[in-house]
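Residue-level listing of the chains:
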Amino acid sequence: MWTAITLAVAYGAIFALYGWWALGHIAAGATLLPFVLALPLVYLAVPFLIVLAWLAIAWVFRADRPREVRIGVRGTLRLFWHEFVTIAGNAPRMILYRVLMPDPPPAPADRPVLLLHGVLCNAGVWHPFARWARHKGIGPIYALSYGPPLASIELFADQAAEKIDSILAATGATRVVVIAHSMGGLVMRAYFRRHGGSKVARLVTVGSRHEGSVHAWMAAGTSLAQMRPGNAWLAELGAPSGDGVPPVVSIWSWHDSMVAPQTSSRIAFGDNIVLGGIAHNALLRDPQVFGHLAEEIERAR
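What counts, and where the lines are drawn
Residues numbered from 1 in each chain as written. Predicted model: local features only at pLDDT ≥ 70, side-chain atom pairs only at ≥ 80, totals over all residues. Heavy atoms only, no water. Helix = DSSP H or I, 4+ residues; strand = E, 2+ residues; numbered from the N terminus. Buried < 20%, exposed > 50% of the residue type's maximum accessible area, 1.4 Å probe, protein only. Axes fitted to C-alpha atoms, helices over the stretch in contact; angles between N-to-C directions. Parallel < 35°, antiparallel > 145°, perpendicular 65-115°, else oblique. Contact = heavy atoms within 4.5 Å. Nonpolar A, V, L, I, M, F, W, Y, C, P; charged D, E, K, R; others polar.

1. Brief notes about unusual backbone geometry
Right, so step 1: Between Gly 139 and the following residue, Pro 140, the backbone shows a cis peptide bond with an omega angle of 5 degrees.
Right, so step 2: Locating Pro 140 in the fold gives a position in the loop between α6 (127-135) and β2 (141-144).
Right, so step 3: In this model, Ala 260 is joined to Pro 261 through a cis peptide bond whose omega is 0 degrees.
Right, so step 4: Here Pro 261 shows up in the loop between β5 (248-253) and β6 (271-275).
Right, so step 5: Look at Leu 120: it is not a glycine, yet its phi comes out positive at around 60 degrees.
Right, so step 6: Secondary-structure assignment places Leu 120 in the loop between β1 (113-116) and α6.
Right, so step 7: Of note in the backbone geometry, Ser 182 takes a positive phi value of approximately 55 degrees without being a glycine.
Right, so step 8: By secondary structure assignment, the location of Ser 182 is in the loop between β3 (176-181) and α8 (183-195).
Right, so step 9: Since its relative accessible area comes to 2%, Ser 182 is described here as buried.

2. Topic: the packing of helix α7 (residues 153-171) against α8
Right, so step 1: Two elements in contact, α7 and α8, have axes separated by 8 Å at closest approach and are oriented at 75 degrees. The orientation of α7 with respect to α8, classified from their angle, is roughly perpendicular. For the pair α7 and α8, contact is made by Ile 153, Glu 154, Phe 156, Ala 157, Asp 158, Ala 160, Ala 161 and Ile 164 and by Met 183, Leu 186, Val 187, Met 188, Ala 190, Tyr 191, Arg 193, Arg 194 and His 195, respectively.
Right, so step 2: Looking at the contact of α7 with α8 residue by residue, the class counts come to twelve nonpolar, one polar and four charged.

What follows is the structure, given as structure tokens:
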């Protein structure tokens, strides 16, 4: 809810400022049509600048990449385009997340799937995968929108615990499969520490900042502070351990645009599926990633 409201207000303010500026020029004799035609460009300018900034930071603080995974100029342009398209589409998806990502009706299920989002997002970012998964007969698919957006990851872990319990009650299942993007991976590691792992059959993280990211220094907030490299909270989190902790798989990209260094997503306490040429948010729209997620869900059955 918080993220959807914030996005709606932010874009409302941007278009209001643009409208005020355009009306001033129209009142001075300018033609209306060019200002109307430029409206999509005003909207698209925001994700364009965001992707440009995050990619620049990710490149400066990039991990040392093997020669065989370097993608060159064409690959970089392709990576930029897919990330830009994803972020441009995420705003309406997040505003309309309640419509796009409703929970399925209660019904018996063996291995329900819970999707967890990253920082400053909500369940709407999962809509492309959820639609694909339902078409493939994978599910039932549930998603959680936790918040407030910049609160502690520990709070989000408790909200995940409540969601997992409600899913098990609705389906009669004994365990869920959790797929977690970005910060969601840390939410689940905090969940394991606080609640154990007996209710989770498998955890798959996608582009998660397991060892933090320099991008977390770009803004304030408790959850962002917890994702800064070398901070005390991350150090204390440690590897998932204890009775019932399920298998953990990390899917990550050498060219992640919001995890730097990118090897922060590599884990020593589970399996790694390493990709290339895919940026951070585009991981949630990539057919190759979808295929890996389907395989991991199947392994949990």
